[in-house]
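Structural features, examined
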Amino acid sequence: MFKTIGVLAHVDAGKTTFSEQLLYHTNSIKERGRVDHKDAFLDNHEIERERGITVFAEQGRMVIGEDTYTIIDTPGHVDFSPEMERAIQVLDYAIVIVSAIDGVEGNTETVWKLLRKYNVPTFIFINKTDRDGADVAKVIEEMQKELSQDIISITNRLSGQSISELLLEFIAERDDKLLEKYMEQDINEQHFLQTFRQLIKKGEAFPCAEGSALKDIGVLEFFEQLMTLTETNFNSEEPFTAKVFKIRHDEKKQRITFMKAMTGKLKVRNALHIGGTSEKVTEIRLYNGEKYESVKEIQAGEIFAVTGITQATIGDVIGEIENKRKHTFELVPTLQSKVVNDGIEHIKEVWANFKLLEAEDPSLHVLWSEKFQEIHIHVMGVIQLEVLVEVVKTRFGHKVHFENPQILYMETIDQPVKGYGHFEPLKHYAEVHLKMEPVDRGNGILFENACHADDLSVGHQRLIEQHLFEREHHGLLTGFPITDIKFTLVTGRAHIKHTEGGDFREATYRAIRQGLEQAENRLLEPYYSFKMKASSEFVGRMMTDIQQASGEFEAPHIIEEKVIMKGRVPVSTFMNYSTIFAAYTNGKGALSLTFSGYDTCHNTEEIIENLNYNKEADPEYTSSSIFCAKGKGYVVPWHEAEAAMHCSE
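Right, let's walk through the structure included here. (Residues numbered from 1 in each chain as written. Predicted model: local features only at pLDDT ≥ 70, side-chain atom pairs only at ≥ 80, totals over all residues. Heavy atoms only, no water.)

**Quick word on the pattern of salt bridges**
Going by this rule: When a carboxyl oxygen of Asp or Glu lies within 4 Å of a side-chain nitrogen of Lys or Arg, that pair is called a salt bridge. The way it works is that DSSP assigns letters per residue, a run of H or I at least four long becomes a helix, a run of E at least two long becomes a strand, and they are numbered from the N terminus. To sort residues, take the accessible area from a 1.4 Å probe on protein chains only and compare it with the maximum for the residue type: under 20% means buried, over 50% means exposed, and anything in between is partly exposed.
Here the structure, examined in full by the defined rule, presents 33 salt bridges. Lys 181 is the salt-bridge partner of Asp 186, the closest N and O atoms lying 3.6 Å from each other. A salt bridge links Glu 517 to Lys 615, with the shortest nitrogen-to-oxygen separation between them at 3.0 Å. Here the residue Glu 517 occupies a position in helix α13 (residues 503-518), and Lys 615 occupies one in the loop between α17 (604-611) and β35 (625-629), the gap between them amounting to 98 residues. On the accessibility criterion, Glu 517 (12% relative accessible area) is buried. Overall, Lys 615 belongs to the partly exposed group, its relative accessible area being 30%.

Okay, structure coming up:
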């Protein structure tokens with residue numbers, strides 16, 4: 001049986017130390033390393049060891065009896081949370097580490113929401129119980145309030161196959177048949193245990209235990225309980241499919257593609273279908289830290305890496321028969337920074353290596369401006385930029401720095417419009433009619449096809465959909481990408497003789513831009529959800545600061561001499577607030593910031609003026625259409641385009 005288990009937490013809660021103990025106790029490593037000693041097994045990158053934080057999700061492999069466990073240690077720092085989210089998608093179970101001193105922190109809540117989104121069964125280990133100020137009961141109470149009422153301590157309540165009365169009652173309350181048997185004292189512990197496993201798997205129960213990873217207290221006992229309460233069932237007889245969750249490159253820039261086998265078996269030299277192409281696997285590797293062994297075959301349930309595959313991207317599902325493209329991720333950067341080349345290499349060489357980094361971390365979203373010969377990247381925060389400087393120098397020998405990061409804005413529309421695009425220079429022809437409607441925040445770009453095959457072939461319809469999603473489309477206010485719009489293909493037209501490749505791309509782009517010209521456009525900015533905890537004497541200062549930052553907050557919650565405030569605030573006004581908060585609370589306050597999506601910009605006019613975007617001077621975006629008469633193409637401006645269209649609706 002194969003089980004993949006992720007270890008997740010807020011930074012400094014003890015994930016890596018916990019993982020180290022598991023690997024040691026299962027004889028996967030001979031000696032236990034420590035983060036503070038810079039020799040942790042899974043923090044094997046020099047950058048991680050120097051900084052004392054996990055930057056990259058790495059896996060350890062443990063064989064216990066007939067079962068094989070893959071432990072994935074994920075980053076806890078918010079700047080590297082997209083790496084953590086990518087790993088979550090291949091987990092069978094998760095262990096969330098919570099500090100017995102700090103309790104539920106900002107990134108703990110982010111992790112929890114992601115695990116619920118991806119339906120990952122979850123266990124909790126309360127760490128650092130040996131430290132002064134540790135209060136397990138208080139932390140459990142906080143978790144039940146902040147995370148889930150279905151969190152239950154299994155310490156001294158589950159030993160092998162024996163279940164305590166309190167745990168029996170917890171299980172019975174969540175199953176009508178067992179509740180009846182419990183009331184009649186007709187208790188078969190095996191039935192209760194199996195039901196508990198199912199409750200865990202369905203996300204209706206979250207077992208919790210406690211100990212100290214550093215002092216090796218309670219870790220092995222907790223993992224033994226986890227082994228009892230987890231089960232997986234993968235089908236190795238079906239055609240092979242796997243999900244890509246990580247990409248790395250070796251010193252020769254050979255791509256190493258990490259995946260989780262969902263069904264079937266894979267052998268060396270087997271072909272995998274990826275985005276219309278087929279590639280052969282040249283090597284299969286089973287990694288344990290930075291070391292690996294090559295094998296001839298893997299089967300469903302295993303975490304592995306292959307060479308020979310160059311087209312797959314993170315999030316893809318690939319296999320023997322078909323592949324499905326990746327979905328969007330929940331955690332996205334809110335900042336953009338320009339790369340400044342301080343070395344002698346040509347900027348295009350630097351850009352090529354940043355594209356390699358983008359393959360490993362798609363959230364970087366590396367952008368190249370041909371006009372200005374500039375590289376821009378998307379980032380989560382300044383710590384990520386500091387790490388990237390070191391990564392680029394170490395791996396590629398490039399000396400770079402980054403300009404101060406700027407906010408990533410987005411744009412949307414406020415009412416439905418129809419966009420029209422026509423592309424007909426000599427010997428070319430394509431026409432596209434798109435309905436554009438605003439949708440709820442966070443939905444991104446949606447597509448619906450209402451075009452009849454009598455008007456336009458299915459192949460051409462698919463081309464239009466492809467062109468909608470193949471790049472980001474600039475808004476008119478600032479040139480930042482559009483979002484939260486549903487596009488409906490109403491109709492279109494092709495020419496039997498003259499329609500060629502790329503014609504529908506031109507017509508689609510022009511239809512989008514022409515629709516935006518008609519619409520009421522709205523500027524959006526990223527927002528944080530915040531949680532502030534400090535002495536109640538600072539409540540007035542906290543409220544004032546939030547209001548001045550154009551934020552909003554719930555009624556303050558006062559517990560003894562502490563006040564807790566929650567709310568929402570623009571990233572632009574609060575991104576540097578942590579140092580201010582630490583200063584006036586003398587370092588005793590706690591501030592958690594988590595990305596909570598995009599909403600209306602609080603200072604739209606100011607931003608538009610500062611950015612000074614000229615929609616007429618964006619070379620790759622035009623709202624005009626091109627028609628043909630007397631053997632020559634001519635331009636029709638956007639406000640005259642609808643009347644000139646050839647299709648009727």
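**As for helix α12 (residues 458-469)**
Test applied: Helix span, as expected, comes to 1.5 Å for every residue beyond the first. The contact criterion used is simple: two residues touch if any of their non-hydrogen atoms lie within 4.5 Å.
With twelve residues, α12 should reach 16 Å at 1.5 Å per residue; the first-to-last C-alpha distance of 17 Å fits that figure. Where α12 is buried, its residues meet β27 (430-438), β28 (445-449), β29 (485-494) and α13.

**A few points about the packing of helix α1 (residues 15-25) against helix α9 (residues 219-229)**
Rules: Every axis in this analysis is a line fitted to C-alpha atoms, fitted for helices over the stretch in contact. Angles between the N-to-C directions lie between 0 and 180 degrees. Orientation categories follow fixed angle ranges, with anything under 35 degrees roughly parallel, anything over 145 roughly antiparallel, 65 to 115 roughly perpendicular, and all other angles oblique. Ten residues, namely Ala, Val, Leu, Ile, Met, Phe, Trp, Tyr, Cys and Pro, are considered nonpolar, four, namely Asp, Glu, Lys and Arg, are considered charged, and the remaining ones, Gly among them, are considered polar.
Running from N to C, α1 and α9 cross one another at 75°; their axes reach a closest spacing of 10 Å. In terms of their interaxial angle, α1 and α9 are classed as roughly perpendicular. Residues Phe 18, Gln 21, Leu 22 and His 25 of α1 form the contact with α9, whose participating residues are Val 219, Leu 220, Phe 222 and Phe 223. Considering only residue class, the contact of α1 with α9 consists of six nonpolar, two polar and no charged.

**Topic: the pairing of strand β5 (residues 122-127)**
Short version of the rule: Strands were regarded as paired on the criterion that DSSP finds at least two bridges between them.
In terms of residue burial, β5 counts as a mostly covered element, since six of its six residues are buried. Because side chains alternate across β5, one face comprises the buried residues Thr 122, Ile 124 and Ile 126, and the other comprises Phe 123, Phe 125 and Asn 127, equally buried. In this sheet, β5 lies alongside strand β4 (residues 93-99) in parallel orientation, the contact comprising six bridges. Across the sheet, residue Ser 99 finds its bridge partner in β5, namely Asn 127.

**Examining the nonpolar core**
Note the threshold: Side-chain atoms within 4.5 Å are what join buried Ala, Val, Leu, Ile, Met, Phe, Trp, Tyr and Cys residues into a set we call a nonpolar core.
Ile 88, Met 143, Leu 266, Leu 272, Ile 298 and Phe 304 are the most contacted members of the largest nonpolar core, which totals 56 residues. Beyond its immediate chain neighbours, meaning those up to four positions away, Met 143 contacts Val 98, Val 104, Ile 124, Ile 126, Ser 148, Ile 151 and Cys 208. Phe 56, Phe 574, Tyr 577 and Tyr 598 belong to the second largest nonpolar core, which has 51 residues in total.

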